[in-house]
Amino acid sequence: FVLVEGAPGVGKSTFAWELCRRWDQVEALMRYSLVVLVKLRDKRVQQATGLADIFCHVDTDLQRAVVEEVIARGGEGVLLIMDGADECPSSLWKDDASLFHRLLSGSVLPKATALVTTRPSASTTLVSQWKPQKRIEVLGFMTKHIVQYAESIFGSDREVLNGFHKYISSSPSIKGLLYIPLNTVIAVGVYREYRENDRPIPVT
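In this report, the structure presented in the accompanying data block is examined. Just so you know, these numbers come straight off a predicted model, no measurement behind them.

A cluster of nonpolar side chains, contributed by Leu 182, Val 185 and Ile 186, occupies part of the molecular surface with about 260 Å² of accessible area. In this structure Leu 182 comes out as partly exposed when scored by relative accessible area, which is 48%.

Structural data, given as structure tokens:
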């Protein structure tokens, strides 16, 4: 399996969604005939005992037929994106009878590919039980990405953009947090709101 790691808010779930979107738009992952996003924070998913529980949001004849075909083919051509391993009980990975343990061990859908996203806190458990074929770290924004996002919000108004640059540069503590995309969104929102209301912009 492939392990995708990263700090909270750095964009792991966004990465998972983007993979699904690109597959759906025939832009990437075309070697797979089916891509399934499994949100591990979902209690319904955590309590799953069979594949139908994670594949089917609505019980229909078509979806049941898809599950049966996936099982019959041993998961060939299937990519399972399991998002948020750190948000579910560790017992799901340690218990031999757990569906997720069986998926990663290959006793269920041995021909499928699994991609698991997690915060570093759960990496040790996953790596100690299964050796991932590949480990990827999501690093978040670099300076150019922060600038690109600010430009997408403020447009071509150089005065505002220069003001925002001075704002984040004035506080190393703020600038150091902006590699996390969510923090950049918050910082841009705070700057815009306070500027529009002509109020002193906070730096803490």
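Note that an α-helix has 3.6 residues per turn; residues three or four places apart therefore point the same way. Over its 16 residues, helix H11 (residues 181–196) runs 23 Å from end to end, which matches the ideal 22 Å to within 8%, given 1.5 Å per residue. All buried positions along H11 are accounted for by Pro 181, Thr 184, Ala 187, Val 188 and Tyr 191. All buried residues of H11 fall inside an arc of 115 degrees around its axis, so they share one side. Next to the buried residues of H11 lie helix H8 (143–154) and helix H9 (158–169). Backbone geometry just downstream of H11 places Asp 198 in the positive-phi region, at approximately 55 degrees.

Here we come to unusual backbone geometry. A positive phi angle is found at Leu 29, which is not glycine, with a value near 60 degrees. The residue Leu 109 is not glycine, and still its phi comes out positive at about 50 degrees.

Scanning all chains against the criterion turns up 11 salt bridges. Residue Arg 119 pairs with Asp 86 through a salt bridge whose shortest N-O separation is 3.4 Å. Separated by 33 residues along the polypeptide, Arg 119 in the loop between strand S4 (113–118) and helix H7 (123–129) and Asp 86 in the loop between strand S3 (78–83) and helix H5 (91–94) bring together distant segments of the chain. Glu 159 is the salt-bridge partner of Arg 195, the closest N and O atoms lying 3.4 Å from each other. Linking Arg 195 in helix H11 with Glu 159 in helix H9, this pair joins segments that are 36 residues apart in sequence. Exposure remark for Glu 159: the relative accessible area of 58% places this residue in the exposed category. When salt bridges that share partners are traced, they join Glu 18, Arg 21, Arg 22 and Glu 27 into one network.

Cut-offs applied
Residues numbered from 1 in each chain as written. Predicted model: local features only at pLDDT ≥ 70, side-chain atom pairs only at ≥ 80, totals over all residues. Heavy atoms only, no water. Patch = residues over 30% accessible without salt bridge, like charges linked within 9 Å, V, L, I, M, F, W, Y side chains within 5 Å. Areas by Shrake-Rupley, 256 points an atom, 1.4 Å probe, with all protein chains shown as cover. Salt bridge = Lys/Arg side-chain N within 4 Å of Asp/Glu carboxyl O. Buried < 20%, exposed > 50% of the residue type's maximum accessible area, 1.4 Å probe, protein only. Helix = DSSP H or I, 4+ residues; strand = E, 2+ residues; numbered from the N terminus. Expected span 1.5 Å × (residues − 1). Arc of directions from axis to C-beta. Contact = heavy atoms within 4.5 Å.

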